[in-house]
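# Coordinate inspection notes
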Amino acid sequence: MNDPNQDNYTFTPAETFFDAYAVKSFNTPTSITYRVEDNDPKQPSIKTGAIFRFNDDKLLLVQFIRPKVWKIRFSPLIKTPAEYNDYNSRTIVRDTVTELRDCLDKFEDIFWDTSVKPSDDGKYFCLESMVYQSAADRKAKKDGKWEVRLFVQKAPFRIIAVRAVPPHLDPDDAVPALNASEAIKVNLDTQCIIWKTAPNGLSWVQKGETTNAILSVCKPGAARYIGFGEQGGMSLFKYSTYMNYFDYDNMMYSGVYGKGAGDSREPLYHSEPFWIEVDTHQNLGSKVATFVDNYSQISIDFGKRNNGEIRVGTKYGSLQYFVMAGNDIPDIINLYTSIIGRNRLKPRYVLGHHQGCYGYDTQKKVVGIVDQYRARKIPLDGMHIDVDLQDRYRTFTINTAPDKFPDPKAMFRDLRNMGVKACTNITPVINCTGDGYKTLSEGVKNKYFIMDKRYTADGIGKNSWDAKYMYYDGGRREMITDIQSAQKRMPGYTPEYDFSKAYNSEKEFIGGVSYGQDLGTPGFYPDLNREVVRKWWGEQYRYLIEQGLEFIWQDMTSPCLAKEYGDMKGLPFRLMVSTDVYPSQDGKYPPYKAAIEMWSLFSYNLHKATYKGLNDMDLRKGKRNFIIGRGSFAGMHRYAGLWTGDNASTWNFLRISVAQILASGLSGGVITGADVGGFMPLNKDQWADPELVIRWYCAYSMLPWFRNHYHGKPGMKFFQEPYVYTDHFWNPQWHDILKKDERMYLSVEPVCKYFVELRYTLLQLLYDAMFENQITGMPIARALILTDVYDDSLYKDASNYLYREYMVRNDLLVCPRLYPEKLKVGENETKQKHQLYLPQPDNWFVFNLRPDHIEDPNGDGLKISRRKGLSAKLQGGTFMEWDDEIRLGDNEHIPYVMPMFIREGAIIPQIELRQWIPDLENRKANPITLHVYPGKNSDYHMYLDDGISRASAPAGLPQYSANPVPMHPELGVIPKDDFAIDEDEEAKSEYREVIIAQRTAGATRTVTIRTAWDNYNLDLLKRDIGQQYTVIIWHEVDVDTTKCVTTTDGATGSTVSNDTSIRATFIDVPIDADDKKKGITITCKYN
C-alpha cells in the first residue's frame, strides 16, 4: 500500500510519474479522423467543437469556449461521443459550457460561431472560430472574420493553432512609411503558429479503474513562461523543472524535496496550474496561456527531459486542457478570469494592517495588543485569533473560562470600538470527543460527516493492519506502518476511537489535527462535497457572528490532518468521499470516489460553503463578507483571499512571497499574501531578525494582504509586533546583548510605522484597484510586464527585476529591498547595493508624497516633511543604485528606505491618515486629494462607495448575475431595473465612478473630473469624503509656478493657489459641482 510501483492510489512525484512514460508504458495513438456520425449537431458540446476518433478508437473533444479560448478534453474511459457532456467542473464559473458561452457572449456583446472543414491537401481537419458584427450576420454566415484556426493533423496526430496576430508596437513609436497604402501594409496582422502539440503528443494508460494521461506541447526556444500560482519559485519566470500540483500542508516549503523556499518542484497549499507563454513572437502581439483543470494530481515536466517540450500529466479523471490566445498579458488575464470567474467586492478594511499570533490565548492578551497599537499610533484594522479561542479545540466554539475569553461579546465590542475587526481560525475538523457539542451531535445525527469506507476493489488495504500512511519530511518519503500505535500517542486520543475498529467500518471516519507541541484533537470531517452539508456548515458560524466576529480565517483547508491520521497529511488516499466535480444530467451526483481522485475539491467547497453561509445569514445581511484561506484550487478567489501558508522568518521566504503574490495576480487573485515577518522562527531564534521585519513591512506596505503573523507558543517566538522591538531593546534583561544591533532594533518601530501610515493614506489607490479587479481581472499589485507591455527588456536584461519590483495599479512603482544590507560570510561582511530598474519607455519621478499627521501632528514622534517637490525626471530603461540604508534617528531618510517612483502623467489619490478604516457609524469625513503629475496623457478611474455594503457591487457583472449586461463604455453598468439578478440580489451598483483625465498640448495642461456612473447618494458621499476634492497639479523642476495661469470651468466655488516652495498648484473643487456630462475642467497654462 502506497508503493507507487504497485498502488495506483498514491502521490507520485512528477519525475517518477514521467519515468513511467519514458519506459513506454503509456499508449500513444498515432492518427486521428473526424466522423460525421460522432458529431451529432444536437449535442451541446458539439455546438462550438468537434469530436475526433483516434486509431485506437479513443475519442477526443476539441472545443472552443470563447473565440480565442479552446479546450482539449480526453478520457480513455469514454466510449461514446454522448459521454462528452456539456458540464464544466466546479472550477469554471458556470455549470455548463453553454451557460458560460451565452453569459459571456451577452456580457461582451459578441457574436461568433465555429465550423469544421478538411484542408485542401487532405492532411488536416480545421476547426475555426469566426466572429461576426451582428446576430444576423452570424445567422447568414456573412462578413465573418476568423479568430483562431485549429489544424488537427491526421497522421502523425497533432494540433496546430494558427492566429492572425497584430503587430506589437508602442503607439508612440509607429513604423515609418512612405505613403498611406504602405503604412497599412506595415500594420497588417501576421498569420502565425501560436501553439502546437508535439507529434503524437497524447498518451494514456489505464491502471485498474484509474487512468493517467499526458499531453505534450511544443516549447519554443525563445519563449519565457510566467504564472504558476504560488508555486512559481524564487523567480517570476519558469525554467526547466518538474512541478507537482497537489495541495499539501508543506510547512517551510521543504517536505518532498528538502530544499526549502524557492524550489518550484514542491507541492504547496494551493494549486493553480496556469501559466503564460511570452516573448515567442517578438514584435508581435501574441501571448498564449494554459490552464489544466483537474482536482487530483497534476504533474508537469517543464522542459526537463526535453527542453523543446512541456509535458502535462493528470493521474486521475479526464484531461481538461485549456488554451487562451491574447494580444498581451492583460488580454490573457481577462480571458482566463472570465472563465474561472472574478472576485466579488471585498470590504475595504481587508486592505488595512492586520495582526495575528498563534498564542494570543486570552482576552487580556488580545485587547492588550490592540491597546498598544493604539497607544503607539500604528494603524491597525484586523485582529486574528487562532484556535486559542476555542473551547477544547471544538470548532465554532469559544472558551469562556475566566482565564481565557470570559466575555467574548464584550471583547469583540471593545475591539470594534477601537476600530479593529476580528476573525478567528476555523479548521474543518469537528472534535469527536466528549458530550455537549452541538455541531458534533447534529453532524452525526444527519450523517454529515465522511464515513470510513476505503477503496479495496484492487485487493489492497482490505485490513487495518495492511494500511500505511505516507508523508514526506525533509526530502524523504516516510511511511507510518503501525497506525494504531501512532494514533494512540496523539493528543486527545481515546480508546473508544480505536483505529482497528474504525477502519473501513462505514461509520464516521476518525481523523485528527495537530497544532504542534502536543496540541490538537481527533475529529470527524464534514462531507463538503454534498450541497446539504455545505449549507449546514455555513450555518455553524452563527454563534461566532452573534458574539461579534467580523470575518473568517480558514485554515487546514486540504483538509490537513496529522500525519498519523492520513496520507500526505491529508485524508487517506483510499478513503471514499462523495463528489460533485460535475453535476450529472439527471441531477444526481456520482456517489463516491477515492479521496486522492479529487484532492483539491474538499478545500474548494470548504471556502464556498463558508462564503455562501455568511452571505445567506440574516446577521450579515447587506454586508460584504471576507475569508482569508490557506489554499485550494483555481477559482477559490471567488470566495476567499489566499494566504500562502506556514512560512518562516528567512530572507528566502520574503523573496519568494513577493513573487508568489505577483504570480497569483496573473491568475486573477486580488487578495494574496504571506505572513509578514514569517510565522516560524529561524532555527531556535526567539524573534525575527529586526532588519528582516523592517524590509518585510516595507515590501508589503503596498501589497494587497498585510498581516503580521507569527508562532508565539512557548518555545517559539516571544514577539513580532513592531513596537515590541523598541521595548525589548530597552529591557534591562536584554539591553546589553542587543546593544550592538541598536540601529536595527530601534528602527523597527519608526520605519514600520511610517510605511503602515503611508499605506493608509494611499488606501483609495488600493481600493480602486480592488474594485477594478471585479471588472477586468487585473490585480492590485502588478508584475511590470502587465503594466509596461512595450518594455521588451523585461524579458531579457531586466528580467531579474520582475520579482523584486511591482506596480500598484498602473503608475506607482515599488522597489523593495529583499535582502539584507550586509552579506555575512563567516566573520566577513560585504555591503550589498540596492540595484533598481525603471521600466521604459515612460519617465519617472521619485515618490514625493508623505503621510499626513493631521489628527496628532506632535504626538507621533516622527517629524517628516509632508510633501516634497518633484525631483528631476528619470528616464525609463535606467538601471540605478539606491541608498536605502536604515539610519537611526534620520527621520527625513525614512521615506527612502524603500524606493518608490511615480510614472509621468500619473494621477494618484491620497487621503488623510486615520488609525483604522471606519464602520458606517460615527464616520468622520476623509477628504481625497488628487495628485496630478506632468507628462503623458492619462485617465484614472476612481470608485467611491461606503466600503462595506454588498449593494455597492456592479450588479451587471457575471459574478453577480447569471443574466449579465454589456459593460458601460466607462466601466459602469446600466441600471439594475434593466436586468434580472439571480446570483447576488444585494448587488445594486450603489457606487460612484469618477474619471480624472489629464491631457497636455504644448504649454497647456488640462485636467477634467467627471462622474461616469452616479448611483451613490450625494449626502453619503459628503459623509465619507467631505465637501470637496483637492487637486494638486505638480510641476517639473524647471517650471516657475508664479508664471502658471490656472483656471477652472464648471466648478462654482473652487479656489486656486500656488505653493512655490514645492512647485505645486492647489485647486479645491466642490464635489457636487461635478456634472455627469460636462464635468469640471482645470486648465493650467505655462507662460
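Residues numbered from 1 in each chain as written. Predicted model: local features only at pLDDT ≥ 70, side-chain atom pairs only at ≥ 80, totals over all residues. Heavy atoms only, no water.

## Quick look at the nonpolar core
Counting residues in each nonpolar core, the largest one holds 313 residues, and the members touching the most others are Trp195, Tyr321 and Leu415. Broken down by element, the residue count for this core peaks at 11 residues, all from helix H18 (residues 742-761). Ignoring anything within four residues of it in the chain, the contact list for tryptophan 195 reads Trp70, Ile72, Ile159, Ile160, Ala161, Val217, Val288, Tyr321 and Val323. Membership of the second largest hydrophobic core comes to 26 residues, among which are Tyr9, Tyr316, Tyr455 and Ala594. (Core = buried A, V, L, I, M, F, W, Y, C linked by side-chain atoms within 4.5 Å. Buried < 20%, exposed > 50% of the residue type's maximum accessible area, 1.4 Å probe, protein only. Helix = DSSP H or I, 4+ residues; strand = E, 2+ residues; numbered from the N terminus. Contact = heavy atoms within 4.5 Å.)

## So, unusual backbone geometry
With omega at -10°, the peptide bond leading from alanine 155 into proline 156 counts as cis. Inspection of the secondary structure puts proline 156 in the loop between strand S7 (145-153) and strand S8 (158-165). Proline 559 follows serine 558 through a cis peptide bond whose omega is 5°. Examined against the element boundaries, proline 559 turns out to sit in the loop between strand S26 (551-554) and strand S27 (576-577). The backbone of arginine 392 shows a phi angle near 55°, a positive value even though the residue is not glycine.

## Structural notes on the state of the cysteines
Under the counting rule described, the total for this entry stands at 0 disulfides. With no disulfide of its own, cysteine 560 lies closest to cysteine 423 among cysteine sulfurs, the gap being 17 Å. Classification of cysteine 560 as buried rests on a relative accessible area of 3%. There is no disulfide at cysteine 1044, and the cysteine sulfur nearest it, in cysteine 1084, is 4.5 Å away. (Disulfide = S-S within 2.5 Å.)

## A word on the sheet that holds strand S29 (residues 627-629)
Strand order across the open sheet formed by 9 strands is S31-S30-S29-S26-S20-S19-S18-S33-S32, with parallel pairing between neighbours. The open sheet terminates on both sides in strands that have one partner only, identified here as strand S31 (672-673) and strand S32 (675-676). When strand S19 (residues 382-385) meets strand S20 (residues 421-426), the two strands line up parallel, connected through 4 bridges. Its bridge partner lying in S20, glycine 382 is registered against lysine 421. (Pairing = 2+ DSSP bridges.)

## A word on the sheet that holds S7
The 9 strands are arranged S5-S6-S7-S8-S9-S10-S16-S15-S12 in an open sheet whose pairing can be described as antiparallel. Two strands bound the open sheet, and with one partner strand each, they are strand S5 (111-118) and strand S12 (241-245). Within the sheet, the average angular offset between the axes of one strand and its neighbour, ignoring direction, is 20°. Bridge count between S8 and strand S9 (residues 190-207): 6 bridges; the pairing is antiparallel. Across the sheet, the residue bridging to arginine 163 is cysteine 192, located in S9. (Axes fitted to C-alpha atoms, helices over the stretch in contact; angles between N-to-C directions.)

## A few points about the pattern of salt bridges
A side chain of one charge can pair with a side chain of the opposite charge if their charged atoms are brought near each other. Counted according to the given criterion, the structure contains 66 salt bridges. Across the pair glutamate 892 and lysine 868 runs a salt bridge, and its minimum N-O distance is 3.6 Å. Taken together, the positions of glutamate 892 in the loop between strand S41 (879-882) and strand S42 (900-903) and lysine 868 in the loop between strand S40 (844-846) and S41 put the pair 24 residues apart, joining distant regions of the chain. Here glutamate 892 falls in the partly exposed class, since its relative accessible area comes to 30%. Overall, the relative accessible area of 28% leaves lysine 868 in the partly exposed class. Members of the salt-bridge network, linked through shared partners, are Arg695, Arg743, Arg817, Glu821 and Asp884. (Salt bridge = Lys/Arg side-chain N within 4 Å of Asp/Glu carboxyl O.)

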